[in-house]
Amino acid sequence: MSLLSKVVRCMRTIAPLELADTTWDNVGVLVEPPYPSPQCNKVFLTIDLTPQVLEEALSDPKVGTIVSYHPPIFRSMKRLVQADVKQDIVMKAIAKGVGIYSPHTACDNCVDGVNDWLASGLGKGIVQPIQPALNPPEGHEQAGTGRLFTYDDPTPLTTVIDKIKALTGLPFLRVAKVDDGNQLIKTVAICAGSGSSVLNPVDADLFFSGEMGHHDVLAALAKGTNVILCEHTNTERGYLSAVLRPKLQDMLVNERSAEGDAIEVIVSKVDKDPLEIM
């Protein structure tokens, strides 16, 4: 069994593809190299597979599979040429015998997925999906789109801000406050990445997401909902090291490469949010 096949088997347990929103998302095996290298024993995790991240991955000859949270292949390709960045990434991966897998919204919606990781940093409370999954697979009965977090005890907005900073490691957040912002928070609606479509219909004291449109933020404030935004990938990246890497590593602990080496799961050091504070 190839390294990619082993990773796919584990990822299908961690984040079943049945939970992905395939009406628009592109998940699962995106690149299956016909000639995978037998010496590869490393699985490389990243949020975005940019040219810089790909170079990092391919610079290690032991990397045989890339798990890219965001799918690097999203739209159809009619040709493969180096002038196109996405096509160039695909061809270089194939040339090196490296497979690519993307879980994206399956990882958002699954139990212990990205949204549950975001909720885990808020404190003591009850977590439930905003839109429960229909016929979820075994072990993911509480799966679904977004999360609604309800505090056991109402918590000051300033405290929630501090908790989110601690979880994400960010020194600054973008915050839209209702009135003076000193009210207590009982309910938090959560959606990693771009949250407007999931959060807009929800009644909550606070929306917590990566990004929302200007008018969506204004609409939230008008109905008495505060908003915290971290930038898109800052609500996703910490999940790789905190949850996905150790979970995938544990599932692969008894597996070996074709050459008998133990499989190691690593996280990109180059992958980062494209927006910087200057």
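Conventions adopted
Residues numbered from 1 in each chain as written. Predicted model: local features only at pLDDT ≥ 70, side-chain atom pairs only at ≥ 80, totals over all residues. Heavy atoms only, no water. Helix = DSSP H or I, 4+ residues; strand = E, 2+ residues; numbered from the N terminus. Rg over C-alpha atoms; globule rule 2.2 N^0.38 Å. Buried < 20%, exposed > 50% of the residue type's maximum accessible area, 1.4 Å probe, protein only. Contact = heavy atoms within 4.5 Å. Areas by Shrake-Rupley, 256 points an atom, 1.4 Å probe, with all protein chains shown as cover. Lys, Arg positive; Asp, Glu negative; His and termini not counted. Charge placed at Lys NZ, Arg CZ, Asp CG, Glu CD. Core = buried A, V, L, I, M, F, W, Y, C linked by side-chain atoms within 4.5 Å. 1 Å grid on protein atoms, 1.4 Å probe; cavity = no way out; pocket = protein on both sides within 12 Å on 5 of 7 lines; lining within 4 Å. Points joined across faces, edges and corners; volume = space filled by probe spheres on them. Nonpolar A, V, L, I, M, F, W, Y, C, P; charged D, E, K, R; others polar. Pairing = 2+ DSSP bridges. Axes fitted to C-alpha atoms, helices over the stretch in contact; angles between N-to-C directions. UniProt positions renumbered as here; feature names shortened; annotations may be inferred. Salt bridge = Lys/Arg side-chain N within 4 Å of Asp/Glu carboxyl O.

**Q** I would appreciate a short explanation of the overall build of the protein in the present structure.
**A** Across its full length, the protein holds 9 helices and 11 strands. Computed over C-alpha atoms, the radius of gyration of the protein comes to 20 Å, within 12% of the 19 Å expected from 2.2 N^0.38 for 278 residues, which places it in the range of a compact globule. Referenced to the eigenvectors of the C-alpha coordinate spread, the extents of the protein come out at roughly 60 × 40 × 35 Å. Taking all 278 residues of the protein together, the buried fraction comes to 51%. Restricting the contact set of the protein to residue pairs at least 6 apart, pairs at least 24 apart contribute 66%. Total accessible area computed for the protein in this model is approximately 13,500 Å², and 52% of it derives from carbon and sulfur atoms. Put simply, the protein has 25 plus and 34 minus side-chain charges, and the middle of one group is 4 Å from the middle of the other.

**Q** How do you make sense of the nonpolar core when you look at a structure like this?
**A** Within soluble globular proteins, side chains that are nonpolar tend to cluster in buried spots. Of all hydrophobic cores here, the largest spans 52 residues; its most connected members are Val43, Leu122, Val188, Phe208, Ile228, Tyr239 and Leu248. In terms of residues, this core owes the most to one element, helix α1 (residues 3-14), which gives 7 residues. If we ignore the near neighbours within four places in the chain, the residues touching Leu122 are Phe149, Tyr151, Val160, Lys163, Ile164, Val188, Ile190 and Phe208. Grouped together as the second largest cluster of nonpolar side chains are 16 residues, Ala57, Ile66, Val90 and Ile100 included.

**Q** Explanation requested: the layout of surface pockets in the structure shown.
**A** Where empty space is left can be seen by rolling a probe of water-molecule size over the atoms. As a volume, the largest pocket reaches approximately 530 Å³. Going through the elements one at a time, α4 (104-109), β5 (125-132), β6 (144-156), β8 (184-194) and α7 (196-199) are the ones with two or more residues in the lining of the largest pocket. Residues of the lining of the largest pocket, tallied by class, amount to 11 nonpolar, 13 polar and 5 charged.

**Q** Help me understand the sheet that holds strand β11 (residues 264-267), please; the structure alone is not making it clear to me.
**A** Backbone hydrogen bonds hold the strands of a sheet together, and the pairing may be parallel or antiparallel. Strands sit in the order β1-β4-β3-β2-β11 across an open sheet of 5 strands; the sheet is mixed. Among the strands making up the open sheet, the edge pair consists of β1 (28-31) and β11. In this sheet, neighbouring strand axes are inclined to one another by 30 degrees on average, regardless of whether the strands run parallel or antiparallel. Each of β1, β2 (42-46), β3 (63-68) and β4 (99-102) is contacted by α1, which is oriented at about 30 degrees to β3, the strand it contacts most. On the sheet, helix α9 (residues 237-251) packs against β2 and β11 and is oriented at approximately 165 degrees with respect to β11.

**Q** Explain the UniProt feature "binding site: a divalent metal cation" (unreviewed entry) in the protein here, please?
**A** In this numbering, the UniProt entry assigns the feature "binding site: a divalent metal cation" (unreviewed entry) to His70, Asp108, His232 and Glu236. A maximum C-alpha distance of 13.1 Å is found for the annotated residues, which run over 167 residues; spatially they form one tight group. When the annotated set is filtered for residues lining the largest pocket, what remains is Asp108, His232 and Glu236. Here Asp108 lies in helix α4.

**Q** Explain the pattern of salt bridges to me, please; I cannot follow it from the model alone.
**A** Scanning all chains against the criterion turns up 11 salt bridges. Notably, a salt bridge pairs Arg9 with Glu255, separated by 2.6 Å at the nearest N-O pair. Here Arg9, found in helix α1, pairs with Glu255, found in the loop between α9 and β11; they are 246 residues apart in sequence, far enough to count as distant. Here Arg9 falls in the partly exposed class, since its relative accessible area comes to 38%. Two residues, Asp116 and Arg147, come together in a salt bridge whose shortest N-O distance is 2.7 Å. With Asp116 in helix α5 (residues 114-120) and Arg147 in strand β6, this pair connects stretches of sequence that are 31 residues apart.

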